[in-house]
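Breakdown of the fold
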Amino acid sequence: MSMERIIAIVQARLTSTRLPGKVLLPLAGVPLINRVIERLAGCRSLDGLCVTIPEGDAQLSLKTHLMSVGGVSVESGPEADVLQRTLIAAEAHKATVVVRVTSDCPFVDPVLVDTVIAAHKAGEFEYARTAMDSGFPLGFDCEVFTIDSLRIAYKEAGDPYEREHVTPFIWRRPDRFSTVILDHKPDRRHWRLVVDTSEDYELACKVYELLHKKVPGFRYLDLIDLFRVQPQLLDLNRSIQQTPYIFDSQKEYP
């Protein structure tokens, strides 16, 4: 049996619609993307870390910055076809397993990422992830999938939604791809710890201000303690509506 090579791929761009340039906004003294990278660097199960960005001059400042960050490589591909861009990065690093995290998640917990990877390994699942609509806070999302699953998705996906969001082709078809979902109790999915709007960014800045100097590698349990003492922080972005996943349980996805 061939050895697994597990590569984390972070998708990033400067042209996000609701908060353009967010990945380079400062967060406790460094760009937000650096916080995502440093947290993933704390994972024990990874063999490499790559940031995949769109091609083109609009991303030049992001590419230049990332080239100066240690411990991470940079790959480019089509902006709209993130599925292809992810495959380009995975194959460039000879990945057998891909860990997908988005660049707007500066609270991603490396222990949870390692746990999802362990779940993938334990059952030899083709696809493992945190639950979509319950469990861990929004922004803790992590997906793990095999390179073979990614290649099938790239070859067969025709729906623009499936190409933009990388994994819908896989999770819409659990009959084709063996799957494990990690849920969590109590349900804290309503905690919005993702940076997609100015309100999200304000919350992220306040949390990092309160925690980062005291506990640079703060984790999920530290956030629980903080919000228990200062629950009003979660009101900063409570009104923001998250774009739902598109999945029709009545529809048969070929």
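Description of the structure in this document. (Residues numbered from 1 in each chain as written. Predicted model: local features only at pLDDT ≥ 70, side-chain atom pairs only at ≥ 80, totals over all residues. Heavy atoms only, no water.)

**Overview of helix H8 (residues 198-211)**
What counts, and what does not: Segments assigned H or I by DSSP are reported as helices when at least four residues long, segments assigned E as strands when at least two residues long, and all are numbered from the N terminus. Multiplying 1.5 Å by the helix residue count minus one yields the expected span of that helix. Per-residue accessibility, obtained with a 1.4 Å probe over protein chains only, is compared with the maximum for each type, and a residue is labelled buried under 20%, exposed over 50%, and partly exposed between these values. When we speak of the arc, we mean the arc of directions from the helix axis to the C-beta atoms. The contact rule is simple, with two residues in contact once any of their heavy atoms fall within 4.5 Å.
Its 14 residues place the ends of H8 20 Å apart at the C-alpha level, agreeing with the 20 Å of an ideal helix rising 1.5 Å per residue. Those residues of H8 lying buried are Asp 200, Tyr 201, Leu 203, Ala 204, Val 207, Tyr 208 and Leu 211. Along the axis of H8, the buried residues cluster in a sector spanning 160°; they form a single face. Structurally, H8 contributes buried residues whose contacts are with strand S2 (26-27), helix H1 (32-40) and helix H9 (220-229).

**Things to note about the sheet that holds strand S4 (residues 48-54)**
The following threshold applies: Should DSSP find at least two bridges between two strands, the strands are taken to pair. Helix axes use the C-alpha atoms of the stretch in contact, all axes being lines fitted to C-alpha atoms, and the angles between their N-to-C directions lie in the range 0 to 180 degrees.
Pairing is mixed in the open sheet, where seven strands are placed in the order S5-S4-S1-S6-S8-S7-S9. In the strand order of this sheet, the two ends are held by strand S5 (73-77) and strand S9 (179-182), each with one partner. Each strand of the sheet is rotated relative to its neighbour by a mean of 25°, with strand direction disregarded. Relative to strand S6 (residues 97-102), strand S1 (residues 6-11) runs parallel, the two sharing six bridges. Residue pairing in the sheet places Val 10 in a bridge with Val 101 of S6. Helix H5 (residues 147-156) contacts S6 and strand S8 (143-146) of the sheet and is inclined by roughly 85° relative to S8.

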